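Residues per chain are reported as follows:
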Amino acid sequence: MLELRGLTKRFGRLTAVDDLTIDISPGRVTGFLGPNGAGKTTTLRMALGLVKPTAGTATFDGKTYRQLAIPMRQVGASLEATSFHPGRTALNHLLTLAPPARVPDSRCMQVLEFVGLGPGAKRRVGQFSLGMRARLSLASALLGDPPTLLLDEPVNGLDPEGIAWMRRMLRALAAEGRTVLISSHLLSEVYQTADDVVILSRGRAVYTGSLVDLESSGQRVTVVSTPDPPAFARLAARLGWQLAGHPEGYAVSGPTAAEIGDAAAGAGIVLHQLATRSDSLETAFLALTEGQGSIR
Ligand SMILES: Nc1ncnc2c1ncn2[C@@H]1O[C@H](COP(=O)(O)OP(=O)(O)OP(=O)(O)O)[C@@H](O)[C@H]1O
Ligand SMILES: [Mg+2]
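Keep in mind that this is a model prediction, so the values were computed, not measured. (Residues numbered from 1 in each chain as written. Chains lettered and ligands numbered in written order. Predicted model: local features only at pLDDT ≥ 70, side-chain atom pairs only at ≥ 80, totals over all residues. Heavy atoms only, no water.)

The four strands are arranged β11-β12-β10-β13 in an open sheet whose pairing can be described as antiparallel. The open sheet is flanked by β11 (242–246) and β13 (273–276), the only strands paired with a single partner. Across the sheet, the mean angle separating the axes of adjacent strands is 25 degrees when strand polarity is ignored. (Pairing = 2+ DSSP bridges. Helix = DSSP H or I, 4+ residues; strand = E, 2+ residues; numbered from the N terminus. Axes fitted to C-alpha atoms, helices over the stretch in contact; angles between N-to-C directions.)

Encoded structure:
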């Protein structure tokens, strides 16, 4: 079990991670979601003892990462922008990790085969495709056979086949009773993989729970397209409707489609689309992380 308690990181005036208190449970895949800059990588780096928290703690069964006797046997991790020595073969890369993980050298080849890199074991990592790198990252994380996996954007850059493969792997690893935390900035990426999600927005957890609950808790949301967004936004503000940005215009929560149509007609605002949506999950995600730009 990974426990975050009041975990906070400030960089100067920016609060990158803001008072996170979350339990990440074993036997499940937890999606750690949020737009670019939400604080996902910073949280993982703090959990791995790479960044010192401004406040709070992250512990694995009660111990911080630095207190673990053999960290790689407890926690397997891959962070974004993990760099492999390009001149080293995949097998040699793992062989350098085997002594600190206290595993026999023979395990390196087994893990490579497990992630489908058996045939590429003797190739230089510099020649690897993105998908092969993703597999090697997972192999490195699995080397110590750890009960906890923290993977930062594990499907980033993978093709559809690679994504399907990674999904099956992560589900199987959780089914063995492991704690699996995967970050992503796309809900759709974790939708078929995660049991639970933690949604971050500007460093704060704005939702923690199961995807099923998020979907069913979804308020009624109507997607509105209009050639005059500012006028519609003013109308919504006047009537107290909640507005969130949506790729097709606005996602409106509160009123029915009929109420929206009537009010828009009354205000002389042309609507091009007025649709109560079934994609409430994506809309709920957008609403929860509303307004966060990629740069802050
Ligand atoms: N070392 C640092 N110094 C200053 N600011 C930092 C540092 N590391 C991260 N930040 C800032 O903290 C915020 C959160 O960054 P972080 O990398 O954790 O986001 P993220 O959720 O992983 O985003 P992405 O989806 O783009 O990977 C950003 O605004 C980032 O610029
Ligand atoms: Mg990141």
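As summarised here, the arrangement of the six strands in space is β5-β6-β7-β3-β8-β9, forming an open sheet in which the pairing is mixed. Only two strands of the sheet have a single neighbouring strand rather than two, namely β5 (75–78) and β9 (204–210). The mean angle between the axes of side-by-side strands here comes to 15 degrees, regardless of whether they run parallel or antiparallel. Here four bridges tie strand β6 (residues 148–151) to strand β7 (residues 179–184), and the two strands are oriented parallel to one another. In the sheet register, Leu150 faces β7, and the bridge partner there is Leu181. Across the face of the sheet, helix α1 (residues 40–47) comes into contact with β3 (29–33), β6, β7 and β8 (196–201) while running at roughly 145 degrees to β7. (Contact = heavy atoms within 4.5 Å.)

The subject of this paragraph is the site of ligand 1. In the vicinity of ligand 1 there are 14 residues, among which Gly37, Gly39, Lys40, Thr41 and Thr42 approach most closely. Measuring from an oxygen atom of ligand 1, one finds a side-chain N or O atom of Asn36 at 3.0 Å. Separating an oxygen atom of ligand 1 from a backbone N or O atom of Gly37 is a distance of 2.7 Å. Isolated, ligand 1 exposes 640 Å² of accessible area, and the fraction of that covered by the protein chains is 64%. Among the elements that make up the shell around ligand 1, the one with the highest residue count is α1 (three residues). When the residues that make up the shell around ligand 1 are grouped by side-chain class, the tally is five nonpolar, five polar and four charged. (Near = heavy atom within 4 Å. Polar contact = N/O pair within 3.5 Å; in protein donor to acceptor, adjacent residues only side chain to side chain. Areas by Shrake-Rupley, 256 points an atom, 1.4 Å probe, with all protein chains shown as cover. Nonpolar A, V, L, I, M, F, W, Y, C, P; charged D, E, K, R; others polar.)

What is shown is where atoms sit, not what they do.
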